[in-house]
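# Inside the fold
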There are 2 protein chains.
Amino acid sequence: MSSHPRTLPADGIRLDRSSPVPLYQQLYRSLTAMIGERRQLAPGTPLPASRALAQDLGVSRNTVLKAYEQLQADGHTKGLAGGGTVVTSAAARRTRAPRGSALAEAGDRHVALGEAGDRRSARSLSRGGRRMMGLAAAPADHIPAPGPWDLPFAVGVPALDVFPVAQWTRLYSTRLRTAPARLLAELDSFGYRPLRETIASQLALTRGVRCDPSQVLVTEGPEHAVALLRDCLLDHGDEVLVEDPGHRRTRAEMARTGAVLRPVPVDEHGMRVEWGLEHHPDARLALVTPGRQFPTGAVLSARRREKLLAWADTHQAWIIEHDPEGIPKGPRPRAALQAGPAGQNVVYVGAFGATLFPGVRIGYCVLPEALVDPMSRIAATFNHGPSLTSQATVNDFVSSTHFAAHVDRLQTVHAERRAHLTGELRRYIGDTVRHAPIETAGTHLVSDLPPDVAGSEVQEQACALGITLRPLHHYCLAAPARDALVLGFGCVRAPTATYAIRRLSDVIHRLTR
Amino acid sequence: MSSHPRTLPADGIRLDRSSPVPLYQQLYRSLTAMIGERRQLAPGTPLPASRALAQDLGVSRNTVLKAYEQLQADGHTKGLAGGGTVVTSAAARRTRAPRGSALAEAGDRHVALGEAGDRRSARSLSRGGRRMMGLAAAPADHIPAPGPWDLPFAVGVPALDVFPVAQWTRLYSTRLRTAPARLLAELDSFGYRPLRETIASQLALTRGVRCDPSQVLVTEGPEHAVALLRDCLLDHGDEVLVEDPGHRRTRAEMARTGAVLRPVPVDEHGMRVEWGLEHHPDARLALVTPGRQFPTGAVLSARRREKLLAWADTHQAWIIEHDPEGIPKGPRPRAALQAGPAGQNVVYVGAFGATLFPGVRIGYCVLPEALVDPMSRIAATFNHGPSLTSQATVNDFVSSTHFAAHVDRLQTVHAERRAHLTGELRRYIGDTVRHAPIETAGTHLVSDLPPDVAGSEVQEQACALGITLRPLHHYCLAAPARDALVLGFGCVRAPTATYAIRRLSDVIHRLTR
């Protein structure tokens, strides 16, 4: 068996360019059929190199890579230590002969509905379940990082090594020891009132958000705020403007129950609002990150802000303003959209994960007055948690001097780490960093790849070296013009960054050759 | 103004017994119209006594009370300190003249769709949002309990006063101080592997659950497990068998996105499975609490278990087995449905709230093998949390000797508190406790009310005295033949129980006269 056969059986792959089904999905289906029903690819058979197959089929290499990625995510193939990819025996067995259990046949009703996608593992799922499969990313493999306090280059993780753990645990222990039973029993569905007051006053200070504490709803992470808003504001089939590239989890939550995502391109001034409104005039809601676009870092221009607010106002549409960074102010505090003149159509969503630690799992949203009454009722049954003791601890921490000091510290550390990473990228890879038009710190950057290198291939090989990273296309609905890497540096100390960038440069140079 | 006018304007209320709209909803609508558009009931006008109005209209008193309850929950009326209920000025203002903001008019598209319910506060919501309003309970008022460690008679709360807080916080602090960054950064969407192993082995021991740790998915509380399963297994309009009375939050989550709840009555042998299958042959899923029916305490009979499992097997339907008590064994460990012969159609859902503290917010489900693959992909994007440090702490605690000792302690304490509460009820109110057919402890009981006393009225007056309780009808979809109180005793020490029962007996005797 050669490790990279040049071709596949000639009759195996039929691609129809006039079909609405994306080419990579057609390719994926052909390949699963060859592995499964048609038994043309036995377990252990290596797949052709992506470049060769792309050439043979006359498709882009990205198309092949996306199909390969999905095959692997679904367990149909696996990577070999020495490189190359082979068909797994498990996949062949599963695809050929579904187990005899009732379950394996349980999905007939659903399969008869026949949507695209991975039919094997979706057999027993509802249409909704298969929709979620389509929205889900392939699970990332996480390999222990070089040092226990470094996570190169995980996105959205702040400097955990400077988090004042001792202060935090002291506050938590005190809280738990002295908490009345109601704090442990979780009786407060809208959130712990003192924390809601703190959030309201801090957002006023750093983002100009105007609200009463009664408008603040505390949730388990920002995703649950988005999910509650989705179910309260959108119906099946409603259109939602989302940034492309954009924040995957919130976007996926938006579409989870049947809203239709309408991707809007992003440039150096943020989401191209006019383009979006022109192409999707019937949208009911826009999900945006105006303060610092995720993941490009662009700030939504004043002109576009006005357009967006005016649209929401005249079309009775909603804006969800997602601020992944939450409360802390940058060198120049940026006003929230919610603080603008038509802010009554805006729901501001933030979280504490970016300033404390992602595992704190506390998010919040600031509701317009008109939504407070209905959401109070809905939250009483549908907002589960977060833990009141955690909320009380966060409140103790955030209203203490610890927090201001910690935020200052984070900003310094993040700025240093950005500078160091940028330098190492230049030194070992090239002048690849896409400079966001703002100099504030943030915790990730976007670094271009050479034109013929696929981000997913870099990701895969880096992962094998213990380096977690996401290609830009991971955040995209439409394929990006040029792929890039999104590199989080928040939790990567300088020596680790240097080490990881050197390994990464090897990977990229190998793939370029 | 007399405090209880005997009647309402004669032309105000029209009830149509042939309409599919429940009488209490017709009554509620008539009353809101009289308060709002028709201006027949000015702010400050008292409503007639429920008994009198029921007599006048020839409807049951429960019908009137349900309508009144909803009026109050929606802010159309409020209770007076001295008793009686009056129309609020806010309600009248809101109903008459929506605020001039864009928001107040934003719901036109939705209002045009014209579903029943509270139109005022639902104006800006989607159909889904209004569905959720309908599923939501009125927010309960929580009044500080007599002692900080007592919560009379909150349901589902264990003895928090005996929780070993010091041991817990020590484990948590150690975890946090020594945790590698990945624990704080939340990279494990299926749960912390060691905890999944612990759950699998403990469930095998105490419930006979057969599973590999790879089948265990850890979620933020049991509700999120139910929500994920709902979205993966059900489509809009699919029918779900639920127990009546039953667990409100999980039931509401089931229906949140458009599945149709089919209530099945409960008797001393649990859900009336045959009745349910006969009346709703097209159900896709059954949500049950077979181990100890919530809230009645009945154990699902062996015969009904068989019927249910056979149905799931032949109809390719799913069973969600919800075990609100989670892991600990009772005096006689009860086998889970999942452990039965057709267990591959069963998803077992449990949580740690009932043995640690509700605020720990960690639930889990045990997936059939066929769901592991698709759910792994879905969870990677849609399962947010729970905090890995909390999971690690729970694992440390649950696998230590602390846990076994704590569970033993809880069972003793709960049994004592049940005995004490039963005694006090007999002494001050009468022989009212509905005896569940099992003698295991649990943390709540059901106590009958005199035939002419409405649970909601008792709830309201008890609440004013700082006593939280839920009437049985709170857990019902169809009105119960006879109302009762569901009294949680887990977190009520003996002196508090005595104190609260004496106050409660005053309330009940006053209402009986």
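This text gives an overview of the structure that appears in the document.

Conventions adopted
The numbering scheme is per chain: residues are counted from 1 as the chain's sequence reads. Following the order in which they are written, the chains are lettered starting with A and the ligands numbered starting with 1. Two thresholds apply to this predicted model, a pLDDT of at least 70 for residue-level local features and 80 or more for giving and counting side-chain atom pairs, whereas whole-chain, interface and lining totals are computed over all residues. Neither water nor hydrogens contribute to the side-chain values; these are computed over all heavy atoms in the structure. Here, a salt bridge means any side-chain nitrogen of Lys or Arg that lies within 4 Å of a carboxyl oxygen of Asp or Glu. For the purposes of this entry, the term helix denotes a DSSP run of H or I that reaches at least four residues, the term strand denotes a run of E that reaches at least two, and both are numbered from the N terminus. Only protein chains enter the accessibility calculation, which uses a 1.4 Å probe; a residue whose area is less than 20% of its type maximum is buried, one above 50% is exposed, and one in between is partly exposed. Interaxial angles span 0 to 180 degrees and are taken between N-to-C directions of axes, which are lines fitted to C-alpha atoms, for helices over the stretch in contact. Any angle from 65 to 115 degrees is called roughly perpendicular, while one under 35 is roughly parallel, one over 145 is roughly antiparallel, and all others are oblique. The sense of a crossing depends on the near helix, which, turned anticlockwise from the far helix by less than a right angle, makes the crossing left-handed and, turned clockwise, makes it right-handed. Throughout, a contact is declared for two residues whenever any of their heavy atoms are within 4.5 Å. Put simply, Ala, Val, Leu, Ile, Met, Phe, Trp, Tyr, Cys and Pro go in the nonpolar bin, Asp, Glu, Lys and Arg in the charged bin, and everything else, Gly too, in the polar bin. A pair of strands counts as paired when DSSP detects no fewer than two bridges linking them. For the least-squares superposition of copies, only C-alpha atoms count, and only for residues with pLDDT at least 70 in both.

Our focus in this paragraph is the pattern of salt bridges. Counted according to the given criterion, the structure contains 40 salt bridges over all chains. A salt bridge links Glu239 of chain A to Arg262 of chain A, with the nearest nitrogen and oxygen atoms 3.2 Å apart. Within this pair, whereas Glu239 of chain A is found in strand β4 (residues 239-244), its partner Arg262 of chain A is found in strand β5 (residues 260-267), the two being separated by 23 residues in sequence. On the basis of relative accessibility, which here comes to 16%, the residue Glu239 of chain A falls in the buried class. Overall, the relative accessible area of 27% leaves Arg262 of chain A in the partly exposed class. Arg493 of chain B serves as the salt-bridge partner of Asp150 of chain B, at 2.9 Å between the closest nitrogen and oxygen. Taken as a pair, Asp150 of chain B in the loop between α8 (127-135) and α9 (165-178) and Arg493 of chain B in the loop between β14 (484-488) and α20 (494-512) lie far apart in primary sequence, 343 residues in all.

Two packed helices can be described by the angle between their axes and the distance between those axes. Residue and element names in this part refer to chain A. Put simply, helix α11 (residues 221-233) and helix α12 (residues 248-255) touch, their axes get as near as 9 Å, and they point 25° apart. When the axes of α11 and α12 are compared, the pair comes out roughly parallel. For the pair α11 and α12, the sense of crossing is right-handed. Mapping the contact onto sequence places Glu223, Val226, Ala227 and Arg230 in α11 and Arg249, Thr250, Glu253 and Met254 in α12. When grouped by side-chain class, the residues that make up the contact of α11 with α12 number three nonpolar, one polar and four charged.

We now examine the sheet that holds strand β9 (residues 346-351) of chain B. Residue and element names in this part refer to chain B. Sheet architecture is open: eight strands sit in the order β3-β10-β9-β8-β7-β4-β5-β6, paired in mixed fashion. Every other strand in the sheet has two partners, leaving β3 (216-219) and β6 (270-271) as the edge strands with one partner each. By the bridge criterion, four bridges tie strand β8 (residues 318-322) to β9 in an arrangement that is parallel. Opposite His322, over in β9, you have Val349 as the bridge partner. Along the sheet face, helix α15 (residues 302-315) touches β4 (239-244), β5 (260-267), β6, β7 (285-288), β8 and β9 and points at about 140° away from the line of β8.

At a minimum axis distance of 9 Å, the contact between α12 of chain A and helix α16 (residues 369-382) of chain B shows a crossing angle of 115°. Between α12 of chain A and α16 of chain B, the interaxial angle falls into the category roughly perpendicular. Only Ala379, Ala380, Thr381 and Phe382 of chain B of α16 of chain B make contact with α12 of chain A, whose side of the interface consists of Arg249, Ala252 and Glu253 of chain A. Split by residue class, the contact of α12 of chain A with α16 of chain B holds four nonpolar, one polar and two charged.

Once that is clear, we can look at the relation of the copies chain B and chain A. Relative to chain A, chain B is turned by 180° and slid 0.1 Å along the rotation axis, the superposed coordinates differing by an RMSD of 0.2 Å. In symmetry terms, the pair is related by a two-fold rotation axis. Among all residues of chain B, the one whose C-alpha sits closest to the rotation axis is Thr257 of chain B, at a distance of 3.6 Å. The share of interface residues of chain B whose copies in chain A are also at the interface is 99%, consistent with both copies meeting through the same surface.

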